[in-house]
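Spelled out, the chains give:
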Amino acid sequence: MKHIDEAKINSLLEIEPEPEEIEKILEKTKRLQRLTLEESAKLLSVKDEILLKKIYEAAAYVKNTIYGKRVVLFVPLYISNICANSCLYCGFAANNKLAVRKRLSIQEIKEQTEILLKRGHKRILMVAGEAPSSHRNIDYYVDAVKAIYAAEYKGNKIKRVNVNAAPMSIEDFEKLKTSGIGTYQIFQETYHEKTYRKLHIAGPKSDPDNRLDAIDNAFAAGIDDVGIGPLLGLYKPDFEILAMLMHIEYLENKYGIGPHTISVPRIEPAPGSDYASRPDYQIMAGDLKKIVAVLRLSVPYTGIIMSTRETAELRDELVNLGVSQISAESKVTPGGYEETDEHNKHMDRQFSLNDQRSLNEIAQSLLAQGFLPSFCAACYRKNRTGETFMDLAKPGEIKHMCDMNALITLKEYLEDFAAPEVKEAGYKLIENYKKNLDEKSLKLLERFFKNIDNGIRDEYV
């Protein structure tokens, strides 16, 4: 597989560092410095509970120093489960006879978006299976993104559409960029070539290098905001994490920047897939905790996404260790966001979910822990992406802009959608934030808040 040196990764996995080496690495992380592959491998090797606790403490320090207490909220919107690939772990596999195929019309996409807007969502991850090329996928994607942005509910509109879709040509990526997307996201699933070929038995996805090249094509098309990740459980987790970090090093060396976000989903049972119920590698909650913490220390300025595959309790814990973005009240089937739950009982899913809380409940949980729920998309709209974002993030300048925009979007949510107890907790947190603002920032925030009270929405700095 391109850019992935399996022999080097395996040699790094054999390292047994002394406790003093771990302490030295952790001191480096507190200076917010990027780790080498070898240093990351040493942290992944730690099993001693005392050292693990120190890793978690360092991860919490780095996360709070760079991101503060903000947690970005988004929701996935599946527009099609038609797929040309046969992947042994996926409910959308082309050879899965149990799946009921559905491709939403542009009107249906707009209607689904309106339902999400009514619940308070402002950021969408649009997801689609890899349909045969005869379906003119890029035209469908562009029209779908436009429909999502066109939807409106009482002055509220979607602020950002990220896209999780199959590899495309540079020309098609250029078309996708013109639709106004935020992040282009694609998962390699597994970076271990033998395992990749075993699990992807048919379709365009069976070529691992074609999938790996998707990020290069996106960069070549001018999309400098990308997201990557493995599907944990397909192969050895430490190998996957080091391989992903090796992929990131390749991107940094070639393009000057790595991914804007990384995701670390664990495999979950899927309709029609025996493999998904009995994966080759069991990833326990403790394993995931360590992975998230090590990633926060290894690539300190990169966002880490955690989906509703995980339980509410574990997600609440992981936002303290490095996770900076979480999905809310997800449905993983096209047309899943209906006004009643009865519809969804009979819908096929791509995989099983564990955190079933509403957006309101998740916001309440975050506020109770002192976190600032954020629906902000200002960086994308101000072209603070790619290298520009990192230039602001590394000296700490981006944090103040993000806090301001997060407070603005939180007030919008509290006024328009929050339950009374969430509204009370939200305004209490806002008042605490105000105490730490300088006079200029406080005046600016109060101006934005007054505009919200007067019915104005979607302002940002």
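Residues numbered from 1 in each chain as written. Predicted model: local features only at pLDDT ≥ 70, side-chain atom pairs only at ≥ 80, totals over all residues. Heavy atoms only, no water.

## Structural notes on the overall build of the protein chain
Within the protein chain one finds 19 helices and 11 strands. For a compact globule of 461 residues, the expected C-alpha radius of gyration is about 23 Å, and the protein chain comes in at 21 Å, within 12% of that figure. Along the three orthogonal principal directions, the C-alpha set of the protein chain runs to about 60 × 55 × 40 Å. Each of the 461 residues in the protein chain was classed as buried or not, and the buried ones make up 60%. Carbon and sulfur atoms make up 48% of the accessible area of the protein chain, which totals about 18700 Å². (Helix = DSSP H or I, 4+ residues; strand = E, 2+ residues; numbered from the N terminus. Rg over C-alpha atoms; globule rule 2.2 N^0.38 Å. Buried < 20%, exposed > 50% of the residue type's maximum accessible area, 1.4 Å probe, protein only. Areas by Shrake-Rupley, 256 points an atom, 1.4 Å probe, with all protein chains shown as cover.)

## With respect to the packing of aromatic side chains
With the rule as written, the count across this model stands at 9 aromatic pairs. Seen from their ring centres, Tyr235 and Tyr281 are 5.5 Å apart, and the 70° between their planes marks the pair as edge-to-face. Residue Tyr235 is located in the loop between strand E7 (226–228) and helix H10 (237–255), and its partner Tyr281 is located in the loop between helix H11 (274–277) and helix H12 (285–298); the two are separated by 46 residues in the primary sequence. Assessed through its relative accessible area of 11%, Tyr235 is described here as buried. What makes Tyr281 partly exposed here is its relative accessible area of 27%. Through pairs of rings, three or more aromatic residues link up here, namely Tyr153, Phe375, Tyr413 and Phe417. The ring of Phe371 has Lys69 lying over it, and the distance from NZ or CZ to the ring centre is 4.1 Å. Note that Arg103 overlies the ring of Tyr140, its terminal NZ or CZ placed 3.7 Å from the centroid. (Phe/Tyr/Trp six-rings, centres within 6.5 Å; stacked < 30°, edge-to-face > 60°. Lys NZ or Arg CZ within 6 Å of the ring centre and 35° of its normal.)

## Description of the state of the cysteines
Applying the stated rule across the entire model yields 0 disulfides. Here Cys87 stays free of any disulfide, with the sulfur of Cys90 as its closest cysteine sulfur at 6.0 Å. Classification of Cys87 as buried rests on a relative accessible area of 6%. Of all cysteine sulfurs in the structure, the one in Cys402 sits closest to Cys376, which takes part in no disulfide; the separation is 6.0 Å. (Disulfide = S-S within 2.5 Å.)

## A closer look at helix H6 (residues 137–150)
The end-to-end C-alpha distance of H6 is 20 Å, a good match for the 20 Å that 14 residues give at a rise of 1.5 Å each. Extensive coverage of H6 is indicated by the burial of 10 of its 14 residues. Taken together, the buried positions of H6 are occupied by Asn137, Ile138, Tyr140, Tyr141, Val142, Ala144, Val145, Ala147, Ile148 and Tyr149. (Expected span 1.5 Å × (residues − 1).)

## Points about the environment of Glu189
Within the fold, Glu189 resides in the loop between strand E5 (184–185) and helix H8 (193–199). Between the C-alpha atom of Glu189 and that of Lys53, which follows or precedes it by 136 residues, the distance is 29 Å. When sequence neighbours within four positions are dropped, the list of residues in contact with Glu189 reads Tyr89, His200, Lys205, Arg211, Gly229, Pro230, Leu231, Leu234 and Glu240. (Contact = heavy atoms within 4.5 Å.)

## Focus: the confidence of the model for the protein chain
Residue-level pLDDT values for the protein chain average 92, and 92% of them are 70 or greater. Low confidence marks residues 342–347, where pLDDT is under 50. Its contacts with residues over four positions away, or in another chain, come to 8 contacts. (pLDDT = per-residue confidence, 0-100.)

## Here's the deal with unusual backbone geometry
Unusually for a residue other than glycine, Glu329 sits at a positive phi of about 40°. Along the chain, Glu329 turns up in the loop between strand E10 (325–327) and helix H14 (359–368). With phi around 70°, Asp458 is a residue other than glycine that occupies positive phi space. Checked against the element boundaries, Asp458 lands in the segment after helix H19 (439–453).

## Digging into H19
With 15 residues, H19 extends 21 Å between its outermost C-alpha atoms, agreeing within 8% with the 21 Å of an ideal straight helix rising 1.5 Å per residue. When H19 is considered as a whole, its buried residues turn out to be Leu445, Phe448, Phe449, Asn451 and Ile452. Seen end-on, H19 carries its buried residues on one side only, within an arc spanning 155°. Exposed and oriented more than 90 degrees from the buried face of H19 are Glu439, Lys440, Lys443, Lys450 and Asp453. Regarding H19, its N-cap is Asp438, as a side-chain oxygen of that residue lies 3.2 Å from the backbone nitrogen of Lys440 further along. (Arc of directions from axis to C-beta. Polar contact = N/O pair within 3.5 Å; in protein donor to acceptor, adjacent residues only side chain to side chain.)

## Quick notes on the nonpolar core
Counting 128 residues, the largest nonpolar core has Tyr141 and Tyr184 as the members making the most contacts within it. Of all the elements, H10 adds the most residues to this core, at 10 residues. In terms of nonpolar packing, the next biggest core, distinct from the first, is built from 19 residues, Phe74, Leu231, Leu234 and Phe351 among them. (Core = buried A, V, L, I, M, F, W, Y, C linked by side-chain atoms within 4.5 Å.)

## Things to note about the side chain of Lys159
Considering the arrangement of structural elements, one finds Lys159 in the loop between H6 and strand E4 (160–164). A polar contact is formed between the side chain of Lys159 and the side chain of Asp458, at a distance of 2.6 Å.

## Some points on the pattern of salt bridges
Under the defined criterion, the tally for this structure stands at 30 salt bridges. Close ionic contact of Lys102 with Glu108 constitutes a salt bridge, the shortest N to O distance being 3.2 Å. Given a relative accessible area of 31%, Lys102 falls into the partly exposed group. With relative accessibility at 26%, the residue Glu108 sits in the partly exposed group. Residues joined by salt bridges that share partners form a network here, namely Lys122, Lys159, Glu412 and Asp458. (Salt bridge = Lys/Arg side-chain N within 4 Å of Asp/Glu carboxyl O.)

## Looking at the pairing of strand E1 (residues 70–80)
The buried fraction of E1 amounts to 11 of the 11 residues, a majority that puts the element mostly inside the structure. Across 3 bridges, E1 lies against E10 in parallel orientation. Of the residues in E10, the one forming a bridge with Val72 is Gln325. Across 5 bridges, the pairing between E1 and strand E3 (residues 123–128) is parallel. Residue pairing for E3: Tyr78 is matched across the bridge by Val127. (Pairing = 2+ DSSP bridges.)

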